[in-house]
Amino acid sequence: MAVYYCDLQVYKHVQVQEGLPRLKAWFEGHRHQVSQIQWYEFSASTGSTLGIFCLVAYAFSPDCSEELTTKVKNSYFPWF
């Protein structure tokens, strides 16, 4: 999950005229995974750290399991 956030930083922190083409090209590489959303929704959702913080919070719980982390991941991604 964090890799999407890191990738977004690489694609958005460029010269202004390069930003949109890079973000759109990045989205095209993932379109098959998230066909229900547009490039700008993909970019916005990958910039959210909500899913990461949620998983960190659950990781501190003694009841955390692989099943729970999978459920959390699937509830946030590809939407966040």
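Only a predicted model underlies this, so the values are computations on that prediction, with no experimental measurement involved.

Caption draft 1: Inspection of the packing of helix H4 (residues 50–59) against helix H5 (residues 66–76) at higher detail. In the contact formed by H4 and H5, the axes pass within 10 Å of each other and the chain directions differ by 165 degrees. One element, H4, and the other, H5, form an angle in the roughly antiparallel class. Judged by the twist between their axes, the crossing of H4 over H5 is right-handed. Facing H4, whose interface residues are Leu-50, Gly-51, Cys-54, Leu-55 and Tyr-58, H5 presents Leu-68, Thr-69, Val-72 and Tyr-76. Residue composition of the contact of H4 with H5, grouped by class: 7 nonpolar, 2 polar and no charged.

Caption draft 2: Representation of helix H3 (residues 39–46). For H3, every residue scored as buried is listed here: Phe-42, Ser-43, Ser-45 and Thr-46. Buried-residue contacts for H3 involve helix H1 (2–12) and helix H2 (16–28).

Caption draft 3: Layout of the nonpolar core. With 8 residues, the main nonpolar core is built from Tyr-4, Leu-8, Leu-23, Trp-26, Phe-27, Val-34, Ile-37 and Phe-42. Listing elements by their share of this core, those giving two or more residues are H1 and H2. Element by element, the count of residues in this core is highest for H2, at 3 residues. For Phe-27, the contacting residues outside a window of four places in its chain are Val-34, Ile-37, Gln-38, Trp-39 and Phe-42.

Thresholds applied
Counting restarts for each chain: residues are numbered from 1 in the order of the written sequence. In keeping with the predicted nature of the model, local features appear solely for residues at pLDDT of at least 70, side-chain atom pairs appear and are counted solely at 80 or more, and the whole-chain, interface and lining totals rest on all residues. Computation of side-chain values covers all heavy atoms of the structure but excludes hydrogens and water. Convention adopted: a line fitted to C-alpha atoms gives each axis, helices being fitted over their contacting stretch, and angles between N-to-C directions are expressed from 0 to 180 degrees. Counting from the N terminus, the helices are the DSSP runs of H or I reaching at least four residues and the strands are the DSSP runs of E reaching at least two. For classification purposes, angles smaller than 35 degrees are called roughly parallel, those larger than 145 roughly antiparallel, those between 65 and 115 roughly perpendicular, and all remaining angles oblique. Each crossing gets its hand from how the near helix is turned against the far one by less than a right angle, where anticlockwise is left-handed and clockwise is right-handed. Whether two residues are in contact is decided by their heavy atoms: any pair within 4.5 Å suffices. Throughout, the ten residues Ala, Val, Leu, Ile, Met, Phe, Trp, Tyr, Cys and Pro are labelled nonpolar, Asp, Glu, Lys and Arg are labelled charged, and all others, Gly among them, are labelled polar. Only protein chains enter the accessibility calculation, which uses a 1.4 Å probe; a residue whose area is less than 20% of its type maximum is buried, one above 50% is exposed, and one in between is partly exposed. Grouping buried Ala, Val, Leu, Ile, Met, Phe, Trp, Tyr and Cys residues that are joined through side-chain atoms within 4.5 Å yields what is termed a nonpolar core.

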